Amino acid sequence: MPVETYTEKSTFLGLLPMANLDEHISPIDPDDPKLYWIFRNEDFIQWKSEACAEVLWLLGGPPGCRMTNVSSHIAKQEAPDAVFYFACSSGSAPTFVHSILRHILKVSDDHQAKSITTTFLSTLLDIILQRDSLHSHNGDSFTTMRKILRASGGELLEALANAVDQVKEIQETVIIIDGIDKLGKDGTQFLEKFCSQPIISPKFKLLFTCRPDPHTTKLVAEVLRTQPKERQRCIEYDKERQGLGRSYPLVVNLSN
């Protein structure tokens, strides 16, 4: 089935399922001493500035601290039209792919958007053809395309990772994703590739939060190792709690 019919930005956006991820998130107080490890950390302050590192990782958190609340608070400080926020605890992997792809297309020009959608759909079709026959999808091509976009989370993430290669220049944007460990191996592989893209933008910042499990810790270490230091920063709660980080003034009673 040819994909060219559906690769124009407006056409493809009309195909993507819409997600309603609104949920009540309790406000936080950034002056709470338990949150000094983030809000008074030199790396966070530099990330917030104009001349900042593009990517900031927040690993862990004190007992009783919902990082979803923290990441939501940070997102609300940015211009609403320029920020993408996704809490992985409130949406599935397919919902994540549909949502972030929609945002990336919106901050891309029409030519780049067409390249992204062409790569995404072509990859997805190849994956599905390897496990299925499109003849089993009854209906017209539009209906079939909508069914294809409801592929499994792993398949969608693989297609998205390939499409990221087409992202070269975007409008001002801030992308904040909470709980990336919930996306699994496929999700973290996409993020690793996304972080390494030399994207041109007047303002392009990424912030990820996750639990310090072995897989994500290894991923973060690999990204930090392979990328320029000025582009990647990481704040680990355990290191800050032990006084090994870059928070100031030093707070020793973070767990109380």
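Everything below is about the structure shown above.
Residues numbered from 1 in each chain as written. Predicted model: local features only at pLDDT ≥ 70, side-chain atom pairs only at ≥ 80, totals over all residues. Heavy atoms only, no water.

> Would you mind going over the overall build of the protein with me for this structure?
Along its length, the protein carries 11 helices and 5 strands. The 256 residues of the protein split such that 51% are buried. A total of about 12300 Å² of accessible surface is found on the protein, and carbon and sulfur atoms cover 50% of it. (Helix = DSSP H or I, 4+ residues; strand = E, 2+ residues; numbered from the N terminus. Buried < 20%, exposed > 50% of the residue type's maximum accessible area, 1.4 Å probe, protein only. Areas by Shrake-Rupley, 256 points an atom, 1.4 Å probe, with all protein chains shown as cover.)

> Looking at this model, I keep getting lost on the pairing of strand E3 (residues 173-178). Mind explaining?
The buried fraction of E3 amounts to 6 of the 6 residues, a majority that puts the element mostly inside the structure. Burial of the side chains of E3 extends over both faces: Thr-173, Ile-175 and Ile-177 are buried on one face and Val-174, Ile-176 and Asp-178 on the other. Examined bridge by bridge, strand E2 (residues 83-87) and E3 share 5 bridges and lie parallel to one another. Residue Val-83 lies in a different strand from E3, and its bridge partner there is Val-174. Handedness of the crossover joining E3 and strand E4 (residues 204-210) through helix H9 (residues 184-195): right-handed. (Pairing = 2+ DSSP bridges. Right-handed = clockwise from strand over helix to strand, strands pointing away.)

> What is the right way to read the nonpolar core from this model?
Within soluble globular proteins, side chains that are nonpolar generally end up buried alongside one another. In this structure, Trp-57, Phe-120 and Ile-177 are the most contacted members of the largest nonpolar core, which totals 56 residues. In terms of residue count, the dominant contributor to this core is helix H6 (residues 110-131) (7 residues). The contacts of Phe-120, once residues within four sequence positions are left out, are Phe-12, Val-97, Leu-101, Leu-149, Leu-156, Ala-159, Leu-160 and Ala-163. The next biggest cluster of nonpolar side chains, apart from the first, holds 19 residues, and it includes Ile-28, Trp-37, Leu-58 and Ile-74. (Core = buried A, V, L, I, M, F, W, Y, C linked by side-chain atoms within 4.5 Å. Contact = heavy atoms within 4.5 Å.)

> Before we go on, may I ask you to explain the sheet that holds E2 in this structure?
Whenever strands of a sheet pair, they do so through backbone hydrogen bonds, lying parallel or antiparallel. Strand order in the open sheet formed by 5 strands is E2-E3-E4-E1-E5, with parallel pairing between adjacent strands. Edge strands, defined here as strands with exactly one partner in the open sheet, are E2 and strand E5 (232-236). Between one strand and the next, the sheet's axes are offset by a mean angle of 10°, whatever the strand orientation. Across 5 bridges, strand E1 (residues 55-59) lies against E4 in parallel orientation. (Axes fitted to C-alpha atoms, helices over the stretch in contact; angles between N-to-C directions.)

> Teacher, can you tell me more about the packing of aromatic side chains here?
Each aromatic ring pair is described using two quantities: the centre-to-centre distance and the angle formed by the ring planes. Tallied over the entire structure, the rule returns 10 aromatic pairs. Relative to Phe-86, the ring of Phe-84 lies with its centre 6.5 Å away and its plane at 5°, an arrangement referred to as stacked. Judged by its relative accessible area of 7%, Phe-84 falls in the buried class. A centroid spacing of 5.9 Å and a plane angle of 75° characterise the contact between Phe-194 and Phe-204, whose relative ring orientation is edge-to-face. With Phe-194 in helix H9 and Phe-204 in strand E4, this residue pair connects regions lying 10 residues apart in the sequence. The burial state of Phe-194 is the same as that of Phe-204; both residues are buried. An aromatic cluster is built from Phe-84, Phe-86, Phe-96, Phe-190, Phe-194 and Phe-204, whose rings are joined through pairwise contacts. (Phe/Tyr/Trp six-rings, centres within 6.5 Å; stacked < 30°, edge-to-face > 60°.)

Any functional reading would require information beyond the geometric quantities listed.
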